[in-house]
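Listed here are the chains, written in short residue letters.
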Amino acid sequence: MDNKAEVREFLMSRRAKITPERAGLPAGPNRRVAGLRRTEVAALADVSVEYYAKLERGALGGASSSVLDAIARALFLDDTERTHLFDLARAGDGIPLSGRPRRRSTSNVASRPSLHWVLNTITDGVAFVRDQHQDLLATNELGRAFYAPLIGSGGRTPNLARFQFLDPASKDFYPDWELFAGMCVAIMRTEAGRDPNDKDLQNLVGELSTQSDVFRRLWGAHDVRTHGAGTKRFNHPVVGELTLAYEELVMTADPGCVLMIYTAEPGSPSAERLRLLASWAASGAVAEPPHQETSKTVS
């Protein structure tokens with residue numbers, strides 16, 4: 001991915017989101033843009049207009065931490081956006097993974113016995129490992145039942161992004177489909193900023209961009225996010241609607257991979273439905289999932 005283009009489009013998209021009122025500036029008459037002008041961002045960051053224009057053209061390499069912090073404050077960047085800005089600057093310097101563990105291939109993650117031992121100790125929640133490419137690498141038994149619509153009958157490694165944008169079943173599985181779509185793309189944008197030379201991620205972005213209009217639109221928004229913790233709704237074909245809390249845990253042994261755990265509030269209808277799903281999984285029915293993977297596209 002062209003780092004200069006990434007920098008330019010990210011800074012321009014953030015600038016467009018900030019109104020003069022939010023920045024404490026007079027709107028004035030005859031404004032051509034809803035967001036801030038370059039001159040206003042430069043003034044707020046206490047840098048020259050020429051220097052900020054250079055940065056926004058993509059020449060972020062070599063910018064000092066103090067300048068990057070000033071730009072982040074001027075554009076009201078949140079923590080994830082600020083980190084993304086610094087990642088883009090490191091990439092411009094030719095060291096995209098500076099200060100981070102080097103990522104190793106995730107090909108051996110799924111075959112590590114100790115990882116499966118850990119996953120299998122989690123019996124009341126959905127647990128799975130995904131990598132920076134949104135590949136679903138390993139799950140516990142309940143996770144296999146939960147993601148039966150995604151895992152399908154096998155073939156290539158299940159991928160959360162492909163399922164989201166290329167499989168019509170995702171619109172049934174995710175009641176809040178648009179919200180999930182935006183989250184998925186923003187997480188991928190964050191990963192792309194961390195390592196713009198990740199060829200596998202580039203290929204995935206290219207594939208989804210050519211096959212999904214929605215993905216292409218969301219990718220162009222340059223939104224970024226980290227997952228962390230929260231709540232999501234699902235509509236499982238076997239047990240119906242589930243409202244689950246999630247926690248994302250970084251795997252230090254496998255940089256780029258995270259362990260996700262979905263749980264239900266004790267005593268809630270969702271907790272009872274998870275128990276029913278666990279019984280369905282234990283019966284062996286999950287070997288024949290309710291949906292088989294399809295190559296049809298969603299746009």
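Since the model is a prediction, treat every value here as computed from it, not as a measurement. (Residues numbered from 1 in each chain as written. Predicted model: local features only at pLDDT ≥ 70, side-chain atom pairs only at ≥ 80, totals over all residues. Heavy atoms only, no water.)

(A) Main features of unusual backbone geometry. If you check the backbone angles, Asp46 has positive phi at about 60 degrees while not being a glycine. Mapped onto the elements of the fold, Asp46 is located in the loop between α2 (38–45) and α3 (49–56). The backbone of Gln134 shows a phi angle near 70 degrees, a positive value even though the residue is not glycine. Mapped onto the elements of the fold, Gln134 is located in the loop between β1 (126–130) and β2 (136–139). (Helix = DSSP H or I, 4+ residues; strand = E, 2+ residues; numbered from the N terminus.)

(B) Main features of the side chain of Glu56. Within the secondary structure, Glu56 is located in helix α3. Judged by its relative accessible area of 2%, Glu56 is buried. Engagement of the side chain of Glu56 in a polar contact is seen with the side chain of Arg38, the distance being 2.7 Å. If we ignore the near neighbours within four places in the chain, the residues touching Glu56 are Arg8, Leu11, Met12, Arg15 and Arg38. (Buried < 20%, exposed > 50% of the residue type's maximum accessible area, 1.4 Å probe, protein only. Polar contact = N/O pair within 3.5 Å; in protein donor to acceptor, adjacent residues only side chain to side chain. Contact = heavy atoms within 4.5 Å.)

(C) Main features of the pairing of strand β3 (residues 229–236). With eight bridges connecting them, β3 and strand β4 (residues 240–250) associate as antiparallel partners. Following the sheet pairing, Thr231 is matched in β4 by Ala245. Joining the antiparallel neighbours β3 and β4 is a turn of three residues. (Pairing = 2+ DSSP bridges.)

(D) Quick peek at the nonpolar core. Among the nonpolar cores identified, the biggest contains 47 residues, and Phe146, Tyr147, Phe165, Tyr174, Met188 and Tyr262 are the most heavily contacted of them. By residue number, the principal contributor to this core is helix α11 (residues 177–194), which donates eight residues. Setting aside anything within four residues of it in sequence, one finds Tyr174 in contact with Tyr147, Leu160, Phe163, Gln164, Phe180 and Phe234. Counting 27 residues, the second largest nonpolar core, distinct from the first, contains Leu36, Tyr52, Leu60 and Ile71. (Core = buried A, V, L, I, M, F, W, Y, C linked by side-chain atoms within 4.5 Å.)

(E) Spatial organisation of the packing of aromatic side chains. Using the criterion set out here, one finds 19 aromatic pairs in the structure. Both rings, one in Phe128 and one in Tyr147, keep their centres 5.2 Å apart while their planes meet at 90 degrees; by these two values the pair is edge-to-face. Of this pair, Phe128 sits in strand β1 while Tyr147 sits in the loop between α7 (141–146) and α8 (148–151), and the two are 19 residues apart along the sequence. For Phe128, a relative accessible area of 2% translates into the label buried. Of the residues examined, Tyr147 reaches a relative accessible area of 2% and is grouped as buried. (Phe/Tyr/Trp six-rings, centres within 6.5 Å; stacked < 30°, edge-to-face > 60°.)

(F) Region of the structure containing the sheet that holds β4. Here five strands make up an open sheet; going across it, the order is β2-β1-β5-β4-β3 and the pairing antiparallel. Edge positions in the open sheet fall to β2 and β3, since each of these has one partner strand only. Going across the sheet, the axis of each strand differs from the next one's by a mean of 30 degrees, ignoring polarity. Strand direction decides the pairing type here: β4 and strand β5 (residues 258–263), joined by six bridges, are antiparallel. The residue bridging Glu247 from the neighbouring strand is Ile261, located in β5. (Axes fitted to C-alpha atoms, helices over the stretch in contact; angles between N-to-C directions.)

(G) The packing of helix α5 (residues 79–92) against α11, seen in detail. For the pair α5 and α11, the least separation of the axes is 8 Å and the interaxial angle reads 30 degrees. As the angle between them shows, α5 and α11 are arranged roughly parallel. Like other packed secondary-structure pairs, α5 and α11 cross with a definite hand, here left-handed. Judged by residue contacts, Thr80, His84, Asp87 and Leu88 of α5 engage Arg189, Thr190, Gly193 and Arg194 from α11. Partitioned by chemical class, the residues of the contact of α5 with α11 number one nonpolar, four polar and three charged. (Parallel < 35°, antiparallel > 145°, perpendicular 65-115°, else oblique. Left-handed = near helix turned anticlockwise from the far one by under 90°. Nonpolar A, V, L, I, M, F, W, Y, C, P; charged D, E, K, R; others polar.)

(H) Geometry of the environment of Met183. With respect to the element layout, Met183 can be found in helix α11. For Met183 and His227, which are 44 residues apart along the polypeptide, the C-alpha to C-alpha distance reads 8.1 Å. Here Met183 is in contact with Arg225, His227, Lys232 and Tyr246, once residues within four sequence places are set aside.

(I) Summary view of the pattern of salt bridges. Enumeration according to the criterion identifies 18 salt bridges in this entry. The residue Lys17 makes a salt bridge to Asp223 at a minimum N-O spacing of 3.8 Å. One end of the pair, Lys17, is in helix α1 (residues 3–17); the other, Asp223, is in the loop between α13 (213–220) and β3, with 206 residues separating them in the sequence. Given the relative accessible area of 47%, Lys17 is considered partly exposed. Residues Arg233 and Asp176 are paired through a salt bridge, measuring 2.8 Å at the closest nitrogen-oxygen approach. Of this pair, Arg233 sits in strand β3 while Asp176 sits in the loop between α10 (169–173) and α11, and the two are 57 residues apart along the sequence. Using a relative accessible area of 28% as the deciding quantity, one classes Arg233 as partly exposed. Among the ionic contacts, a cluster of salt bridges with common partners joins Arg14, Lys17, Glu81 and Asp223. (Salt bridge = Lys/Arg side-chain N within 4 Å of Asp/Glu carboxyl O.)

Don't take any of this as a statement about function, it's just geometry.
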